[in-house]
Amino acid sequence: VQEYLDCFCLSQVKLQEVSTRLKKDLVRGLGKHTHHEAPVKMLPTFVRATPDGTEKGDFLALDLGGTNFRVLHVRVVEEEQKVLKMDSQICAISKEIMMGTGEQLFDHIAACLGDFLVSQDLKGKTLPLGFTFSFPCEQKEIDKVSHTLSQTEAFQSRFKKSILIRWTKGFNCSGVEGKDVVQLLKEAIRRRGDYDIGSVAMVNDTVGTMMSCGYKDQSCEIGMIIGTGTNACYMEEMKNVKRVEGKDGRMCINTEWGGFGDDGSLKDIQTEFDVVVDKMSINPGVHAFEKMISGMYLGEIVRLVLVKLTKEKLLFQGQTSEALLTPGKFETKFISEIEEEDGGLENAQKILTKLGLKWDLVDSRVVRLVCDIISLRSAHLCAAALATIANRIRVNRGLDHLKTTVGVDGTVYRKHPNFSKKLQAMVRRLAPKCDITFLVSEDGSGKGAAMVTAVAQRLALQSRLLEDSNGEDDDEEEEEEDK
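This section reports on the structure supplied with the text. (Residues numbered from 1 in each chain as written. Predicted model: local features only at pLDDT ≥ 70, side-chain atom pairs only at ≥ 80, totals over all residues. Heavy atoms only, no water.)

1. Points about the overall build of the protein
Counting secondary structure elements, the protein contains 16 helices and 13 strands. Among the 483 residues that make up the protein, the fraction classed as buried is 56%. Counted over contacts in the protein with a minimum sequence separation of 6, partners at least 24 positions apart contribute 72%. Looking at the protein as shown, the accessible area adds up to about 21,200 Å², and 49% of this sits on carbon and sulfur atoms. (Helix = DSSP H or I, 4+ residues; strand = E, 2+ residues; numbered from the N terminus. Buried < 20%, exposed > 50% of the residue type's maximum accessible area, 1.4 Å probe, protein only. Contact = heavy atoms within 4.5 Å. Areas by Shrake-Rupley, 256 points an atom, 1.4 Å probe, with all protein chains shown as cover.)

Now the structure itself:
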């Protein structure tokens, strides 16, 4: 059995190599001329600051990242330095809508938002909205911001264009790729004509995770998701963000690290099972790294290994079942259940029975070993990627030692019994000069979206104050000259 599982076991030296390759890809993604060819897109988010605890106000948040989406009303109270999550509502998205037209999808979102506003008695109010849209988007400033705009308007206009690069996670709505998602949402609301919204801040779920943790811990400068998909963001020095004008301060970069390896750079660690998972997916050839790590694919990798071991007569006396031979039938949540310290073997046996397999005690132990090795590989690959980012921040700032916090979310990280422990242990080995605190996000894509909007408003307000005071200085200077 071990012979078939060795291909999933990555040594620390190999993980170090993976980290070195990603390090090069981060630089390619940030480059003005190398970005287009880069597998790791390193998208500027135009989020230039993390929360400072003075944010306040009422905000709406929309969270679309999977088969459900949520609408929230969030109140941020400055005095208590906390987010009071008011209310939220979950709306389902059917398979038909996921594979239908973009217009159908956004009409459905606008209808659910409208119902929510009525239920919250907010129908007449025009509140700013944070829109967590957890798909790769290119955020663009409009015409490099016209100089006739005030700084405040310029800041807000930066959130105006958010172009969907491609659908992931089982979505394939027509007429959305290459289009401005904020525009599509606004058009759907306009078609209804029965309510309005204020400024819209587009938020990637990873950025939302960092921001929601950043309100609690102001040293949080990295966001990481390991759930249905996987991704990370971090605060990069502006001077390294070659595709955006300006050299001062920092900007949050949405790495889109799921695409790492799309140029073939991870071929040496992809197994025959990874190749099949990729071929069978709805987006063959893209998101190589994500397909070795995230919840959407882990169960399927385990299923393919179990089929192989059964056909080689190393499991279930060589007898498969219809369920085991059906793609998608071995769910990722089974891995977490099977790896539980107490009751894991019992869970394995129940799951195998449910899948119509005749098992003995050795079979259930082998299945547990398979789950263990595949989830360990996932945790270690994530650790290699996270260590790359932490090391980059440390070197960027010329520090001997970096102390930072990572805001984390996602079902794989939260629900798996020992994934987080394994990931953290390997990060310590790969980034020994970084002292990293892990903070599990409380509702990153909901509260986090509200926080991004709140920070945007705070910065816009500060720049407005700056403009006013600058104006007064000019007047005084002119008076001096007149004298």
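That was the structure; now back to the text.
2. Looking at helix 7 (residues 205–216)
The terminal C-alpha atoms of helix 7 lie 17 Å apart, and with 12 residues this matches the ideal 16 Å at 1.5 Å per residue to within 8%. Burial analysis of helix 7 places 11 of its 12 residues in the buried class, the great majority of the element. Every buried residue of helix 7 is listed here: Asp205, Thr206, Val207, Gly208, Thr209, Met210, Met211, Ser212, Cys213, Gly214 and Tyr215. (Expected span 1.5 Å × (residues − 1).)

3. A few points about the environment of Ala390
For Ala390, the location among the structural elements is in helix 13 (residues 361–396). Taking the relative accessible area as the measure of exposure, Ala390 reaches 0% and is therefore buried. Separated by 15 residues in sequence, Ala390 and Thr405 place their C-alpha atoms 9.7 Å apart. Sequence-distant contacts of Ala390, defined by excluding residues within four places in its chain, comprise Ile222, Leu402, Cys434 and Ile436.

4. Description of the environment of Ala348
Checked against the element boundaries, Ala348 lands in helix 12 (residues 344–354). Assessed through its relative accessible area of 0%, Ala348 is described here as buried. The contact partners of Ala348, leaving out residues within four places of it in the chain, are Ile338 and Ser364.

5. A word on unusual backbone geometry
Positive phi, normally seen in glycine, also occurs at Glu256, with a value near 55 degrees. Tracing the sequence through the fold places Glu256 in the loop between strand 11 (250–254) and helix 8 (272–280). Despite not being glycine, Lys313 has its phi angle at roughly 60 degrees, a positive value. Relative to the helices and strands, Lys313 resides in the loop between helix 10 (295–311) and helix 11 (332–338). By relative accessible area, Lys313 is classed as exposed at 64%.

6. What to know about the pattern of salt bridges
Tallied over the full model, the rule gives 26 salt bridges. With a closest N to O distance of 2.9 Å, Arg28 and Asp25 form a salt bridge. Pair noted here: Arg28 and Asp25 are both in helix 2 (residues 12–30), with a separation of three residues, about one helical turn. A relative accessible area of 29% places Arg28 in the partly exposed class. Under the relative-accessibility criterion, Asp25 is labelled buried at 4%. A single network of salt bridges, built from pairs that share partners, joins Lys14, Glu17, Arg21 and Asp268. (Salt bridge = Lys/Arg side-chain N within 4 Å of Asp/Glu carboxyl O.)

7. Some details on the nonpolar core
Ranked by size, the top nonpolar core spans 83 residues in total, and within it Phe330 and Leu423 carry the most contacts. The element contributing the most residues to this core is helix 13, with 17 residues. Among all residues touching Leu423, those that are not within four sequence positions of it are Met224, Ile226, Ala379, Cys382, Ala383, Leu386 and Phe438. Formed by 39 residues, the second largest nonpolar core is a distinct cluster that contains Leu129, Trp167, Cys173 and Tyr195. (Core = buried A, V, L, I, M, F, W, Y, C linked by side-chain atoms within 4.5 Å.)

8. A short note on helix 15 (residues 419–430)
Because each turn of an α-helix spans 3.6 residues, side chains separated by three or four positions end up pointing in the same direction. For helix 15, spanning 12 residues, the distance from its first C-alpha to its last is 17 Å, which sits close to the expected 16 Å at 1.5 Å a residue. Among the residues of helix 15, those classed as buried are Phe419, Ser420, Lys422, Leu423, Met426, Val427 and Leu430. Around the axis of helix 15, the buried residues are gathered within 160 degrees of arc, so they sit on the same side. Structural note: helix 15 exposes Lys421 and Arg428 on the side pointing more than 90 degrees away from its buried face. On its buried face, helix 15 sits against helix 2, strand 9 (220–226), helix 13, helix 14 (411–415) and strand 13 (434–440). (Arc of directions from axis to C-beta.)

9. Quick notes on the sheet that holds strand 10 (residues 230–237)
Spatial strand order, 1-11-10-9-12-13: six strands in an open sheet with mixed pairing. The strands lining the two open edges of the sheet, one partner per strand, are strand 1 (43–44) and strand 13. Of the pairings in the sheet, the one linking strand 9 to strand 10 comprises five bridges and is antiparallel in character. For Gly223, the partnering residue across the bridge sits in strand 10 and is Cys233. Sitting on the sheet, helix 7 touches strand 9, strand 10, strand 11, strand 12 (402–409) and strand 13, and the angle it makes with strand 9 is about 135 degrees. (Pairing = 2+ DSSP bridges. Axes fitted to C-alpha atoms, helices over the stretch in contact; angles between N-to-C directions.)

10. As for a positive patch on the surface
Together, Lys32, Lys239, Lys242 and Lys247 make up a positively charged patch on the protein surface. Position of Lys242 among the secondary structure elements: in the loop between strand 10 and strand 11. (Patch = residues over 30% accessible without salt bridge, like charges linked within 9 Å, V, L, I, M, F, W, Y side chains within 5 Å. Lys, Arg positive; Asp, Glu negative; His and termini not counted. Charge placed at Lys NZ, Arg CZ, Asp CG, Glu CD.)

11. Remarks on the packing of helix 4 (residues 102–119) against helix 6 (residues 181–192)
Running from N to C, helix 4 and helix 6 cross one another at 60 degrees; their axes reach a closest spacing of 9 Å. It follows from the interaxial angle that helix 4 and helix 6 lie oblique. Pair helix 4 / helix 6 crosses with right-handed handedness. For the pair helix 4 and helix 6, contact is made by Glu103, Phe106, Asp107, Ile109, Ala110, Ala111 and Leu113 and by Val181, Leu184, Leu185, Ala188, Ile189, Arg191 and Arg192, respectively. (Parallel < 35°, antiparallel > 145°, perpendicular 65-115°, else oblique. Left-handed = near helix turned anticlockwise from the far one by under 90°.)

12. Re the packing of helix 2 against helix 15
Running from N to C, helix 2 and helix 15 point in directions that differ by 75 degrees, and their axes come no closer than 11 Å. Between helix 2 and helix 15, the interaxial angle falls into the category roughly perpendicular. On the side of helix 2, the interface is formed by Gln12, Leu15 and Gln16, while helix 15 contributes Met426, Arg429 and Leu430. Taken together, the residues that form the contact of helix 2 with helix 15 break down as three nonpolar, two polar and one charged. (Nonpolar A, V, L, I, M, F, W, Y, C, P; charged D, E, K, R; others polar.)

13. As for the pairing of strand 2 (residues 57–64)
Of all eight residues that make up strand 2, six are buried, and the element is covered over most of its length. Hairpin geometry of strand 2 and strand 3 (residues 68–77) is characterised by an intervening segment of three residues between the two adjacent antiparallel strands. Of the strand pairs in this sheet, strand 2 and strand 5 (residues 129–133) are connected by five bridges, and their pairing is parallel. Bridging across to strand 5, Ala61 finds its partner in Gly130.

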